[in-house]
Amino acid sequence: MASACSNKMIDVFWHEGMLNHETGKGVFDSGIDPGFLDVLEKHPENSDRIKNMVSVLQKGPVSPYISWQHGRPAQVNELLSFHAPEYIDELIEADKQGGKMICAGTFLNPGSWDAALLAAGTTLSAMKHILDGHGKLAYALVRPPGHHAQPKQADGYCFLNNAGLAVQLALDSGCKKVTVIDIDVHYGNGTAEGFYRTDKVLTVSLHMNHGSWGPSHPQNGSVGELGEGEGYGYNLNIPLPNGTGDRGYGYAMKELVVPAVHKFEPDMIVLVVGQDSSAFDPNGRQCLTMDGYRDIGRIVHSLANKHSGGQILIVQEGGYHITYSAYCLHAMLEGVLDLPQPLLCDPIAYYPEDEAFAVELIEATRKYHKEAVPFLKGT
């Protein structure tokens, strides 16, 4: 097996200190004990989900294709490439005071700040690994997640925008254009906000059509949020209906994402992944299965071969079903590796799909992009 996969390896960056981010128990992600439930569930963003992702890569069929690399904490000055100093100061002070709820569902507890620094630094190390020519495929297996964290505020379980920091590092290191493809079930609003006014980063987000969820998440994730100034047209939102499924996501990738990336011609691709788009996730209803994740991985592999010399940084975000998230991660990495046959069977039974409504909305989005996005006119 080692010789067969010698030219197909993913460098996985990981540090066990990220398990020390304790998010507590309560009613779903609220941290509230109503007093009448005998069993309180863990917060969805808990360490168990990541433990299974680590173990499936260590022990699962994909393990011969994995090279493990050590993560490291980010230095505070590194965070300022994406985040405002006053926001970082707020997080540091909250940590010194023993922690607090930063916003709904987002708890900075003792150990959380150190874990957040590890997530950011580990992601930066993964990007630098690629930039320095040590590998073409790197996966930052990190928590807390980051794609909702905006330059000046936390949101949706996220404190520091791990992917955003890595994108800025790529730009600062000489990359002329970077594409971010975010398939987490929720809009990658923080990453979008960070690059909303530049034409050097194409942010593409395929997400559940959930809209704004409050002061920490003012963005709607609608097709009309296209960017501002020089960045107008370089933030492409693809809100998808509940139950879109494998075929619907595949159609969106081929009809919307692929043409946009071909037109943009990036020299670096960042794939932001959340397995909360899966069929069993408690935080989403998009019904992707392992086949869907595998196909998305293959499409991104093809895009990278054409535009970025095969270079892809993968950054972990959501995915809250303790078991199925690990299976879907395994499948997605199989796709990114472009392996000829699936290595791991899907444990769920056949899941019926009806993509007709999703296709209708995707076609409407394509028409809108062609009319409203300058760099896509004529595609």
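Residues numbered from 1 in each chain as written. Predicted model: local features only at pLDDT ≥ 70, side-chain atom pairs only at ≥ 80, totals over all residues. Heavy atoms only, no water.

Quick note on the threshold: UniProt positions are given in the numbering used here, feature names are shortened, and annotations may be inferred rather than shown by experiment.
An unreviewed UniProt entry lists the protein under the name histone deacetylase 8, with Salix purpurea as the source organism. Its UniProt record, at the heading Cofactor (unreviewed entry), says of the protein: "Zn(2+)". The UniProt entry for the protein carries the following comment under Sequence similarities (unreviewed entry): "Belongs to the histone deacetylase family."

1. Structural notes on the UniProt feature "domain: Histone deacetylase" (unreviewed entry) in the protein
Here is the rule: Each helix is a run of DSSP H or I of at least 4 residues and each strand a run of E of at least 2, with the numbering of both proceeding from the N terminus.
Following the UniProt record, the feature "domain: Histone deacetylase" (unreviewed entry) maps to residues 43–334 here. The span residues 43–334 carries 39% helix and 16% strand; its end-to-end C-alpha distance comes to 29 Å.

2. So, the environment of Asp172
Positionally, Asp172 belongs in helix 5 (residues 162–172). Here the alpha-carbon distance between Asp172 and Ser81, two residues 91 residues apart in the chain, equals 9.4 Å.

3. Brief notes about the packing of aromatic side chains
What counts, and what does not: Note on aromatic pairs: the rings of Phe, Tyr and Trp (six-membered ring only in Trp) are paired at centre separations within 6.5 Å, and the planes decide the class, stacked below 30 degrees, edge-to-face beyond 60, tilted for the rest. Each residue's exposure class comes from its accessible area (1.4 Å probe, protein chains only) as a fraction of the maximum for that residue type: buried when under 20%, exposed when over 50%, partly exposed otherwise. Only when the NZ atom of a Lys or the CZ atom of an Arg is both within 6 Å of the ring centre and within 35 degrees of the ring normal do we say a charge sits over the ring.
Under the definition given, this model contains six aromatic pairs. For the ring pair Tyr157 and Tyr320, a centre distance of 5.8 Å and an interplane angle of 85 degrees mean the geometry is edge-to-face. Residue Tyr157 is found in the loop between strand 7 (137–140) and helix 5, and its partner Tyr320 is found in the loop between strand 12 (312–316) and helix 9 (324–336); the two are separated by 163 residues along the sequence. A relative accessible area of 8% places Tyr157 in the buried class. Given the relative accessible area of 8%, Tyr320 is considered buried. Ring pairs connect the aromatic residues Tyr234, Phe264 and Phe375, which therefore count as one cluster. Its guanidinium or amino end placed over the ring of Phe264, Lys177 lies 4.9 Å from that ring's centre, counting from NZ or CZ.

4. A short note on a nonpolar patch on the surface
Where we set the bar: Here, patches come from residues exposed beyond 30% relative accessible area and free of salt bridges, joined within 9 Å for like charges and within 5 Å for nonpolar side chains (Val, Leu, Ile, Met, Phe, Trp, Tyr). To measure how exposed things are, a 1.4 Å probe is used in the Shrake-Rupley method; for residues, cover is taken only from the protein chains shown. Salt bridges are counted wherever a side-chain nitrogen of Lys or Arg sits within 4 Å of a carboxyl oxygen of Asp or Glu.
Nonpolar side chains collect at one region of the surface, where Val27, Phe36 and Leu37 lie side by side and expose about 300 Å² of accessible area between them. Examined against the element boundaries, Leu37 turns out to sit in the loop between strand 2 (25–26) and strand 3 (41–42).

5. Details of the pattern of salt bridges
Counted according to the given criterion, the structure contains 14 salt bridges. Put simply, Asp199 and Lys200 hold a salt bridge, and the shortest N to O gap is 3.1 Å. Among the residues examined, Lys200 registers a relative accessible area of 39% and is labelled partly exposed. Across the pair Asp291 and Arg294 runs a salt bridge whose closest N-O atoms are separated by 2.9 Å. Highlighted residues: Asp291 and Arg294, both in helix 8 (residues 290–307), separated by three residues, approximately one helical turn. On the accessibility criterion, Arg294 (3% relative accessible area) is buried. Put simply, Glu45, Arg49 and Arg143 are held in one network by salt bridges that share partners.

6. Description of unusual backbone geometry
Apart from glycine, the bulk of residues carry a negative phi angle, and the bulk of peptide bonds sit in the trans form. Of note, the amide linkage connecting Arg143 to Pro144 takes the cis form, showing an omega dihedral of 0 degrees. In this structure, Pro144 sits in the loop between strand 7 and helix 5. Phi angles above zero are rare outside glycine, and Phe28 is one such case at about 50 degrees. Exposure remark for Phe28: the relative accessible area of 26% places this residue in the partly exposed category.

7. Structural notes on the side chain of His43
Heads up, the rule is: Polar contact criterion, stated in full: a pair of N or O atoms within 3.5 Å, where within protein one must be able to donate a hydrogen and the other to accept it, and residues adjacent in sequence count only if both atoms are side-chain atoms. By definition in these notes, contact holds between two residues if any of their heavy atoms fall within 4.5 Å.
Inspection of the secondary structure puts His43 in the loop between strand 3 and helix 1 (47–59). Residue His43 is classed as buried on the basis of its relative accessible area, which comes to 1%. Looking at His43, its side chain comes within polar contact range of the main-chain nitrogen of Glu45, at 3.0 Å. If we ignore the near neighbours within four places in the chain, the residues touching His43 are Thr23, Gly24, Lys25, Phe28, Asp29, Gly105, Phe107 and Tyr157.

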